[in-house]
Amino acid sequence: IYTKYKCEKFVVDKLNKKKIEAYIPLLKTTKQYKRKIKSYEIPLINCYAFVNIDKSEYIKVLETEYVFKFIYQRKDLLSIPENEIILLKKIVGEYQVGLEVEESAMINGQEVEIIAGSLTGLKGLLISQKNKNLFVF
């Protein structure tokens, strides 16, 4: 759905209170001021929220404050596949993958994949390992 600018979290909260499944990917950012450090959650995509509804909930969504319209492709409602929503959750770090962590030495030339953070899903070959947390691939 298309929402008013800077009202994405408000819209999702209102939809969730109506028992409608709604989601916005939020990035965690930190700003440092002279006397304090403040953390914020900002939307990854401004003015948009994702809803999982059936036809009976269509009007309830449009009646929600600050919801302007549904996104269409020609005359059909635009539907985002579940795997792309999961990818968005991985990008912002909300998706938890059930992985078992093993302590093992990685070998240069070994195929690796990033499983968390803003580069989630990126695959490549390991070139070098600087320390426990710094890799070049």
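A brief structural summary. Every value quoted in this text rests on a predicted model; they were computed, and no experiment measured them.

## Brief notes about the pairing of strand S3 (residues 26-32)
Right, on to step 1. One ladder, built from seven bridges, connects S3 with strand S4 (residues 37-43); its direction is antiparallel. Across the sheet, residue Leu26 finds its bridge partner in S4, namely Pro43.
Right, on to step 2. Where S3 hands over to S4, the hairpin turn is made up of four residues, counted between the paired strands.

## Considerations on a nonpolar patch on the surface
Right, on to step 1. A surface patch of nonpolar side chains, about 260 Å² in accessible area, is lined by Tyr33, Tyr40 and Ile42.
Right, on to step 2. Tracing the backbone shows Ile42 in strand S4.

## Notes on the nonpolar core
Right, on to step 1. Counting twelve residues, the largest nonpolar core is built from Ile1, Val11, Val12, Leu15, Ile20, Ala22, Ile24, Leu26, Ala49, Val61, Val67 and Phe70.
Right, on to step 2. Top element by residues in this core is helix H1 (residues 8-17). It accounts for three residues.
Right, on to step 3. Non-local contacts of Ile20, meaning those with residues more than four positions away in its chain, are made with Leu15, Ile53, Glu57, Lys60 and Val61.
Right, on to step 4. Residues Tyr23, Phe50, Ile85 and Leu88 belong to the second largest nonpolar core, which totals five residues.

## Quick notes on the packing of aromatic side chains
Right, on to step 1. Overall, the coordinates contain four aromatic pairs when judged by the stated rule.
Right, on to step 2. Where Tyr2 meets Tyr48, the ring centres are 5.3 Å apart and the plane angle is 65°; that geometry is what we call edge-to-face. Highlighted residues: Tyr2 in strand S1 (residues 2-3) and Tyr48 in the loop between S4 and strand S5 (50-52), separated in sequence by 46 residues.
Right, on to step 3. Between the aromatic rings of Tyr58 and Phe70, the centroid separation amounts to 4.6 Å while the plane-to-plane angle is 10°, which identifies the pairing as stacked. Taken as a pair, Tyr58 in helix H2 (residues 58-63) and Phe70 in the loop between strand S6 (67-69) and strand S7 (72-73) lie far apart in primary sequence, twelve residues in all.
Right, on to step 4. Among the aromatic residues, ring-to-ring pairing joins Tyr2, Tyr48 and Phe68 into one connected group.
Right, on to step 5. Taking NZ or CZ as reference, Lys69 lies 5.7 Å from the ring centre of Tyr2, over its face.
Right, on to step 6. The lysine or arginine in question, Lys89, covers the ring of Tyr23, its NZ or CZ lying 5.1 Å from the ring centre.

## What about H1?
Right, on to step 1. Every buried residue of H1 is listed here: Glu8, Val11, Val12 and Leu15. One face of H1 carries all of its buried residues, which in axial projection span an arc of 95°.
Right, on to step 2. The secondary structure elements touched by the buried residues of H1 are S1, strand S2 (21-23), S4, S5, H2 and S6.
Right, on to step 3. Two residues or fewer after H1 comes Lys19, characterised by a positive phi angle close to 65°.

## Quick notes on the side chain of Thr3
Right, on to step 1. With respect to the secondary-structure elements, Thr3 resides in strand S1.
Right, on to step 2. Thr3 has contacts with Glu8, Val11, Cys47, Tyr48, Ala49, Tyr66 and Phe68, leaving out every residue within four places of it along the chain.

What counts, and where the lines are drawn
- Residues numbered from 1 in each chain as written.
- Predicted model: local features only at pLDDT ≥ 70, side-chain atom pairs only at ≥ 80, totals over all residues.
- Heavy atoms only, no water.
- Pairing = 2+ DSSP bridges.
- Helix = DSSP H or I, 4+ residues; strand = E, 2+ residues; numbered from the N terminus.
- Patch = residues over 30% accessible without salt bridge, like charges linked within 9 Å, V, L, I, M, F, W, Y side chains within 5 Å.
- Areas by Shrake-Rupley, 256 points an atom, 1.4 Å probe, with all protein chains shown as cover.
- Salt bridge = Lys/Arg side-chain N within 4 Å of Asp/Glu carboxyl O.
- Core = buried A, V, L, I, M, F, W, Y, C linked by side-chain atoms within 4.5 Å.
- Buried < 20%, exposed > 50% of the residue type's maximum accessible area, 1.4 Å probe, protein only.
- Contact = heavy atoms within 4.5 Å.
- Phe/Tyr/Trp six-rings, centres within 6.5 Å; stacked < 30°, edge-to-face > 60°.
- Lys NZ or Arg CZ within 6 Å of the ring centre and 35° of its normal.
- Arc of directions from axis to C-beta.

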